[in-house]
Amino acid sequence: MNDCLFCKIIAGEIPSEKVYEDDQVTAFRDINPVAPTHILIIPNKHIASINELTSDDETLVGHLFTTARDLAKQEGISESGYRLIINVGPDGGQVIYHLHLHLIGGQKMRHPMG
Ligand code: 5GP
Ligand code: ZN
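Below is a short write-up of the structure. This structure is a prediction, so every number in the text was calculated from the model and none was measured. (Residues numbered from 1 in each chain as written. Chains lettered and ligands numbered in written order. Predicted model: local features only at pLDDT ≥ 70, side-chain atom pairs only at ≥ 80, totals over all residues. Heavy atoms only, no water.)

1. Section: the nonpolar core
Phase 1 of the analysis: Counting 15 residues, the largest nonpolar core has Ala27, Ile39, Ile41, Leu64, Leu71 and Leu103 as the members making the most contacts within it.
Phase 2 of the analysis: Broken down by element, the residue count for this core peaks at five residues, all from helix H2 (residues 58–75).
Phase 3 of the analysis: Setting aside its immediate chain neighbours within four residues, alanine 27 contacts Glu17, Lys18, Val19, Tyr20, Ile39, Leu40, Ile41 and Leu71.
Phase 4 of the analysis: Cys4, Cys7, Ile9 and Leu40 belong to the second-largest nonpolar core, a separate cluster that totals seven residues. (Core = buried A, V, L, I, M, F, W, Y, C linked by side-chain atoms within 4.5 Å. Buried < 20%, exposed > 50% of the residue type's maximum accessible area, 1.4 Å probe, protein only. Helix = DSSP H or I, 4+ residues; strand = E, 2+ residues; numbered from the N terminus. Contact = heavy atoms within 4.5 Å.)

Here's what the structure looks like:
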């Protein structure tokens, strides 16, 4: 956990453009955005991935999603639409092992499953 990039971002040890934070979650802009809006929403508690979730985390996971909804509204993309993505493990394309929800929008995206 000491070496976790996103834990360092939460602690303010690594700079980021934070757009929201409360006692449970932190949201900041992705350093390499793939669309005009690309925000990462993460639990303040270190959870490596969806695989490490426990039933105690269910409220927290719900809060990640309601925060994403609120930020989509704040970004003005609620009606035009957006994508919420959680990558899990190597085949899922997860690079940072601190659970994060990608909020991506502001442009039309192709459907990833054809
Ligand atoms: P993953 O592939 O693990 O789902 O996504 C990791 C995301 O973290 C990538 O979209 C990447 O651009 C973003 N990222 C990696 N390092 C940093 C950083 O230092 N700051 C910010 N804001 N985003 C980062
Ligand atoms: Zn972490």
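2. Brief notes about the coordination of the zinc ion (ligand 2)
Phase 1 of the analysis: Binding of the zinc ion (ligand 2) to the protein goes through Cys4 (SG), Cys7 (SG), His46 (ND1) and His98 (ND1), at separations of 2.0 to 2.3 Å.
Phase 2 of the analysis: Given four donor atoms and angles of 106 to 116° at the metal, the environment of the zinc ion (ligand 2) is assigned as tetrahedral. (Donors = N, O, S within 2.8 Å, 3.2 Å for Na, K, Ca; no water. Tetrahedral: all angles 85-135°; square planar, octahedral: opposite > 155°, others 65-115°.)

3. Considering the sheet that holds strand S4 (residues 82–85)
Phase 1 of the analysis: Here we have five strands laid out as an open sheet, ordered S1-S2-S3-S5-S4, and antiparallel in their pairing. The open sheet has two edge strands with one neighbour each: strand S1 (18–21) and S4. Averaged over neighbouring strand pairs, the angle between their axes works out to 15° when direction is ignored.
Phase 2 of the analysis: Bridge count for strand S2 (residues 25–29) against strand S3 (residues 37–43) is five bridges, and the pairing is antiparallel. Within S3, the position partnered with phenylalanine 28 by the bridge is leucine 40.
Phase 3 of the analysis: Sheet contacts for H2: S1, S2, S3, S4 and strand S5 (101–105); angle to S3, the most-contacted strand, approximately 155°. (Pairing = 2+ DSSP bridges. Axes fitted to C-alpha atoms, helices over the stretch in contact; angles between N-to-C directions.)

4. Topic: the environment of arginine 83
Phase 1 of the analysis: Secondary-structure assignment places arginine 83 in strand S4.
Phase 2 of the analysis: With a relative accessible area of 23%, arginine 83 lands in the partly exposed category.
Phase 3 of the analysis: Remark: the alpha-carbon pair of arginine 83 and aspartate 57, spanning 26 residues in sequence, is separated by 22 Å.
Phase 4 of the analysis: Those residues within four positions of arginine 83 in sequence are excluded, and the remaining contacts are His102, Leu103, Ile104, Met109, Arg110, His111 and Pro112.

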